[in-house]
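Examination of the molecular architecture
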Amino acid sequence: YCEDRSGRLVLLIYEVRNTFGEMHSYVRPVVDGTGGRPVRQRQDKAFHVSPFLGMDLRYHFRMVPPAHAVKIRILETDATGPVLAATFHGRKRDLTTRHLFAAFFALPLVTVKIYGGILVEAARLWRKGVPFHPHPKSAARPLT
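Residues numbered from 1 in each chain as written. Predicted model: local features only at pLDDT ≥ 70, side-chain atom pairs only at ≥ 80, totals over all residues. Heavy atoms only, no water.

1. Considering the sheet that holds strand β1 (residues 2–3)
One open sheet accounts for three strands, arranged β1-β2-β3; its pairing is antiparallel. Only two strands of the sheet have a single partner each, and these edge strands are β1 and β3 (23–29). (Pairing = 2+ DSSP bridges. Helix = DSSP H or I, 4+ residues; strand = E, 2+ residues; numbered from the N terminus.)

Below, the structure is given as structure tokens:
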């Protein structure tokens, strides 16, 4: 989230990572502020994330400007409609020693759980015969 000197939200940076250890950022300006309303933005896909999703897709971002909570929804669509929906909801916490220790010990376990879940879902998709899209040979630019 990028704000101007008056605290008005003017830019959002969406950082996307994949299981190949790569990262890509989509930088999108926020037009006319938000007035506390969700920000809705669209972006053509420019970065290979999953071998089960092609590159001819579009992201639809919906972000609630941060206050006491952060809410993010990303809907990925193709020409016929929705293909994937991903959401995140986090709460604001004070920066205390107790909260830092809790995050330190919880986050590695969350990472293992998420990565394991990705592998299990990939195996299910592969067994169902979902088309496989190999990783493109040319690397995408790190920024769109």
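2. Thoughts on helix α1 (residues 97–128)
Taking 1.5 Å per residue as the helical rise, α1 with its 32 residues ought to reach 46 Å, and the 46 Å between its terminal C-alpha atoms agrees with that figure. The largest bend in α1 comes to about 30 degrees, at Ala 106, with the proline Pro 108 one to four residues further on. (Expected span 1.5 Å × (residues − 1). Bend = angle between axes of the 7 residues up to and from the residue.)

3. Re the sheet that holds strand β6 (residues 69–78)
Sheet architecture is open: four strands sit in the order β4-β5-β6-β7, paired in antiparallel fashion. Only two strands of the sheet have a single partner each, and these edge strands are β4 (39–44) and β7 (81–91). Averaged over all pairs of adjacent strands, the angle between strand axes in this sheet comes to 15 degrees, irrespective of strand direction. Relative to strand β5 (residues 58–64), β4 runs antiparallel, the two being bridged by six bridges. Looking at β5, one finds that Arg 42 is bridged to His 60. (Axes fitted to C-alpha atoms, helices over the stretch in contact; angles between N-to-C directions.)

4. Details of the pairing of β6
It is a general feature of regular strands that their side chains alternate between the two faces of the sheet. With seven bridges joining them, β5 and β6 adopt antiparallel strand pairing. Looking at the pairing, His 60 lines up with Leu 75 of β6. Between β5 and β6, which pair antiparallel and follow one another directly, the connecting turn spans four residues. Bridge count between β6 and β7: ten bridges; the pairing is antiparallel. Note on β7: the bridge partner recorded for Lys 71 is His 89. What sits between the antiparallel neighbours β6 and β7 is a turn of two residues.

5. Comments concerning the pairing of strand β2 (residues 9–17)
Taken together, the two bridges between β1 and β2 define a ladder with antiparallel strand orientation. Pairing of Glu 3 across the sheet is with Leu 9, part of β2. Hairpin connection, β1 to β2: the antiparallel pair is bridged by five residues, and Gly 7 has positive phi, about 90 degrees. In terms of strand pairing, β2 meets β3 through seven bridges, oriented antiparallel. Across the sheet, residue Glu 15 finds its bridge partner in β3, namely Ser 25.

Treat this as a map of the structure, not an account of what it does.
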